[in-house]
Amino acid sequence: MNKKLTIATLALLAVACSNDDVLVQNGGNQETEREILFTSIADKVTRGDHIGDFALELYHNTFAVYGTKTSYVDGEVSYVFGDNPTAITQTTKYNGVTCTFVEDSDDLAGEWVYSPHRYWDTQALYNFIAYTPASAPIRYIYGAEGDETGTTGYKFLSTQPYTIVGQNLQATDPQATEKNYGFTGGSNQDTDIMISDPVSADGRLHKTSNPSVDLLFHHTLAKINIRMDVQKNEPEEGEAGYRVNVKSVTLADLFSKGEFDSSRDSVWVADTTKATGTKVTYRYNTPTTTGEKLDSIGTYFVEGLVMPQEISADQTIVLRYTITSIGEDGSEHIENFTYKTTLGEVFGIDNATPIATDFLSNCNYTVSFHLNPEKNVIKFDAGVYEWEQNYSNTQDVD
């Protein structure tokens, strides 16, 4: 009798284990629920050599994410990240969920966090989209009621016009490479506003693992750089040559204010009207009396965000620098130079095949000036005029 009871008990245990297995496979076991996590990078407007140069946290420490899930069971669309819309219109601008980057001091890494947590539904398809930073003056608009995030008809719109202030990343410490990040917004700083590609994620992939949602952000503004280099470095002692020192670099008269609509080919439209349009100037001014010494490697003097717009002959670049001519005996002659040109000339907008005609979203523009003073050394040749025989008279002598 005891033997029969033991067999029956084992059978019940086996059934119970089988039911547990089925529940786990269907995602019903609460212990298998996995939080939705994010990783994010910024798109490359430049070619970087350093690992991690395009991790989003180097540019911004927040982004706002929107996300829906669509049930594989009944097709219902649920709004998981962002406002839960009731009556969607093309003018209703919805708020997303803010994700913040939190550094881990132990391993110099970190993670993107938000609260309260959301968990994967393993019987649903997810769609995500985001913008950064979360403080940027744009919001998401759904195309129609019941739409999934990132489907046809959606767009990001400005909540108000945005104005470039002319922040120059190279203003105080010009260097041989672009700095790329530092447009974080705030007082006297521009904001590198970015939006992500739409991303889909299958909840079924999260039954046994928990890969993060990868968001790739595109810069919506343009960026311009002005750099200078010289043919030869300053000579060694006892040698003749020259030294170039840069006093100032100015880029002026670019329109600074615009409104954003991601559904247009040109996502920003600059305000170019006289009544309301504004212009901006980017400046480098040397903090020293002698100026920034130039070498053959080159130095970036301007690196700033630009409101997308047409390139024109009204947009000017002015370089001020000194050339010190050095003799073998160490004697020096210093002379000031001012060079002025326009972006229209630089990019050849009037040529049959211009280099560029517009500042475009997510594009990087670099203007390089190469100085070679030895090509323009003032040289002399000398000659003597022949005597002019204007008067001649012959006298007879008796």
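Residues numbered from 1 in each chain as written. Predicted model: local features only at pLDDT ≥ 70, side-chain atom pairs only at ≥ 80, totals over all residues. Heavy atoms only, no water.

Some remarks on the overall build of the protein
Across its full length, the protein holds two helices and 24 strands. Here the protein, with 398 residues, has 42% of them falling under the buried criterion. Expressed as a percentage of contacts within the protein between residues at least 6 apart in sequence, the contacts between residues at least 24 apart total 73%. When the accessible surface of the protein is split by element, carbon and sulfur atoms take 49% of a total near 23100 Å². (Helix = DSSP H or I, 4+ residues; strand = E, 2+ residues; numbered from the N terminus. Buried < 20%, exposed > 50% of the residue type's maximum accessible area, 1.4 Å probe, protein only. Contact = heavy atoms within 4.5 Å. Areas by Shrake-Rupley, 256 points an atom, 1.4 Å probe, with all protein chains shown as cover.)

Considering the sheet that holds strand β9 (residues 162–163)
Hydrogen bonds along the backbone pair up the strands of a sheet, which may run parallel or antiparallel. Ordered in space as β9-β15-β16, the three strands form an open sheet in which the pairing is antiparallel. The sheet terminates laterally at β9 and β16 (268–270), the two strands that pair on one side only. When strand β15 (residues 257–260) meets β16, the two strands line up antiparallel, connected through three bridges. Opposite Glu-259, over in β16, you have Val-269 as the bridge partner. (Pairing = 2+ DSSP bridges.)

Some words on the pattern of salt bridges
Per the stated rule, a full pass over the model turns up ten salt bridges. Notably, a salt bridge pairs Lys-69 with Asp-121, separated by 3.1 Å at the nearest N-O pair. Of the two residues, Lys-69 sits in strand β2 (residues 62–71) while Asp-121 sits in the loop between β5 (109–113) and β6 (124–132), which places them 52 residues apart along the sequence. Judged by relative accessible area, which is 23%, Lys-69 ranks as partly exposed. A salt bridge links Arg-243 to Glu-332; the nearest nitrogen and oxygen atoms lie 3.6 Å apart. On the criterion of sequence distance, the pair formed by Arg-243 in strand β14 (residues 241–255) and Glu-332 in strand β22 (residues 332–342) is long-range, its members being 89 residues apart. For Glu-332, a relative accessible area of 46% translates into the label partly exposed. When salt bridges that share partners are traced, they join Glu-234, Arg-243, Lys-293 and Glu-332 into one network. (Salt bridge = Lys/Arg side-chain N within 4 Å of Asp/Glu carboxyl O.)

Some words on a negative patch on the surface
Negative charge collects at one region of the surface, where Glu-236, Glu-237, Glu-239, Glu-328 and Asp-329 lie side by side. The exposure class assigned to Asp-329 is exposed, which follows from its relative accessible area of 66%. (Patch = residues over 30% accessible without salt bridge, like charges linked within 9 Å, V, L, I, M, F, W, Y side chains within 5 Å. Lys, Arg positive; Asp, Glu negative; His and termini not counted. Charge placed at Lys NZ, Arg CZ, Asp CG, Glu CD.)

A short note on the sheet that holds strand β19 (residues 299–306)
Here three strands make up an open sheet; going across it, the order is β19-β13-β24 and the pairing mixed. For this open sheet the edge positions go to β19 and β24 (364–371), each flanked by a neighbour on one side alone. Ignoring which end each strand starts from, the neighbouring axes of this sheet average 15 degrees apart. With seven bridges connecting them, strand β13 (residues 222–230) and β19 associate as antiparallel partners. By the bridge assignment for β19, Ile-224 is matched with Gly-304. (Axes fitted to C-alpha atoms, helices over the stretch in contact; angles between N-to-C directions.)

As for the pairing of β2
Within a regular strand, the side chains alternate between the two sheet faces. In terms of residue burial, β2 counts as a mostly covered element, since nine of its ten residues are buried. The pairing of β2 with β6 spans eight bridges and is classified as antiparallel. Paired with Ser-71 across the two strands is Ala-124, which belongs to β6. In this structure, β2 lies alongside strand β3 (residues 77–81), joined through four bridges in antiparallel fashion. Each bridged residue has a counterpart across the sheet, and for Thr-68 the counterpart in β3 is Tyr-79.

Looking at the packing of aromatic side chains
What characterises a pair of aromatic rings is the spacing of the ring centres plus the angle enclosed by the ring planes. Counted under the stated rule, the structure contains 29 aromatic pairs. Ring centres of Phe-38 and Phe-81 lie 5.5 Å apart, and the angle between their planes is 80 degrees; on these two criteria the pair is classed as edge-to-face. One end of the pair, Phe-38, is in strand β1 (residues 38–42); the other, Phe-81, is in strand β3, with 43 residues separating them in the sequence. Taken as a pair, Phe-38 and Phe-81 share a single burial class, namely buried. Three or more aromatic residues joined by ring pairs form one cluster here, namely Phe-38, Phe-63, Phe-81, Phe-101, Trp-112, Tyr-114, Trp-120, Tyr-126, Phe-128 and Phe-217. (Phe/Tyr/Trp six-rings, centres within 6.5 Å; stacked < 30°, edge-to-face > 60°.)

Digging into the nonpolar core
Among the nonpolar cores identified, the biggest contains 56 residues, and Phe-156, Met-228, Val-249, Leu-343 and Phe-359 are the most heavily contacted of them. The biggest single contributor to this core is β14, with six residues. Apart from the residues lying within four places of it in its own chain, the contact partners of Val-249 are Ile-226, Met-228, Tyr-282, Arg-283, Tyr-284, Phe-301, Val-302, Val-318 and Leu-319. Listed in part, the 26 residues of the second largest apolar core include Tyr-59, Val-65, Val-97 and Phe-217. (Core = buried A, V, L, I, M, F, W, Y, C linked by side-chain atoms within 4.5 Å.)

These figures capture arrangement, not role.
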